[in-house]
Amino acid sequence: NYSFDTEILAASIRNVDHVTEAAIIGADCATLPPAVFEALFKHPLTEKGLELFAKDWASTGQSIL
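Residues numbered from 1 in each chain as written. Predicted model: local features only at pLDDT ≥ 70, side-chain atom pairs only at ≥ 80, totals over all residues. Heavy atoms only, no water.

Participant: Is there a simple way to think about the overall build of the protein chain in this case?
Facilitator: From N to C terminus, the protein chain includes 3 helices and 2 strands. From first element to last, N terminus to C terminus, the protein chain shows the α and β order β-α-β-α-α. Computed over the C-alpha atoms, the radius of gyration of the protein chain is 19 Å, more than 25% above the 11 Å expected from 2.2 N^0.38 for a compact globule of 65 residues. A principal-axis box enclosing the C-alpha atoms of the protein chain has dimensions of 65 × 25 × 20 Å. Taken across its 65 residues, the protein chain has 8% of its residues classed as buried. Total accessible area computed for the protein chain in this model is approximately 5900 Å², and 60% of it derives from carbon and sulfur atoms. Averaging the coordinates of the 4 positive side-chain charges in the protein chain and doing the same for the 9 negative ones gives two points 14 Å apart. (Helix = DSSP H or I, 4+ residues; strand = E, 2+ residues; numbered from the N terminus. Rg over C-alpha atoms; globule rule 2.2 N^0.38 Å. Buried < 20%, exposed > 50% of the residue type's maximum accessible area, 1.4 Å probe, protein only. Areas by Shrake-Rupley, 256 points an atom, 1.4 Å probe, with all protein chains shown as cover. Lys, Arg positive; Asp, Glu negative; His and termini not counted. Charge placed at Lys NZ, Arg CZ, Asp CG, Glu CD.)

Participant: Got a minute to help me understand helix α1 (residues 16-25) in this structure?
Facilitator: Since the α-helix packs 3.6 residues into each turn, any two residues three or four apart lie on the same face. Measuring from the backbone nitrogen of D17 back to the side-chain oxygen at the start of α1 gives 3.0 Å, which picks out N15 as the cap. Immediately downstream of α1, the backbone of G26 shows phi near 100°, a positive value. (Polar contact = N/O pair within 3.5 Å; in protein donor to acceptor, adjacent residues only side chain to side chain.)

Participant: Where do I start with the nonpolar core in this structure?
Facilitator: Looking at soluble globular proteins, one finds that nonpolar side chains tend to be buried together. Counting residues in each nonpolar core, the largest one holds 5 residues, listed as A10, I13, V19, A22 and V36. Those residues in contact with V19, other than ones at most four positions away along the chain, are I13, L32, V36 and L40. (Core = buried A, V, L, I, M, F, W, Y, C linked by side-chain atoms within 4.5 Å. Contact = heavy atoms within 4.5 Å.)

Below, the structure is given as structure tokens:
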């Protein structure tokens, strides 16, 4: 009604499902504990992909250092 620019902050996030739900409903940002943030990157397929990549990289004999 008043043309205010509003952003939604999702707070008290306690698990990955809360993050997903906040994103679905349109939250602009969220406050969450480090453990929840780290859990967002944990997935069996991601872990398997990283494992395969590391194996393939090791087989090339290259180094980035």
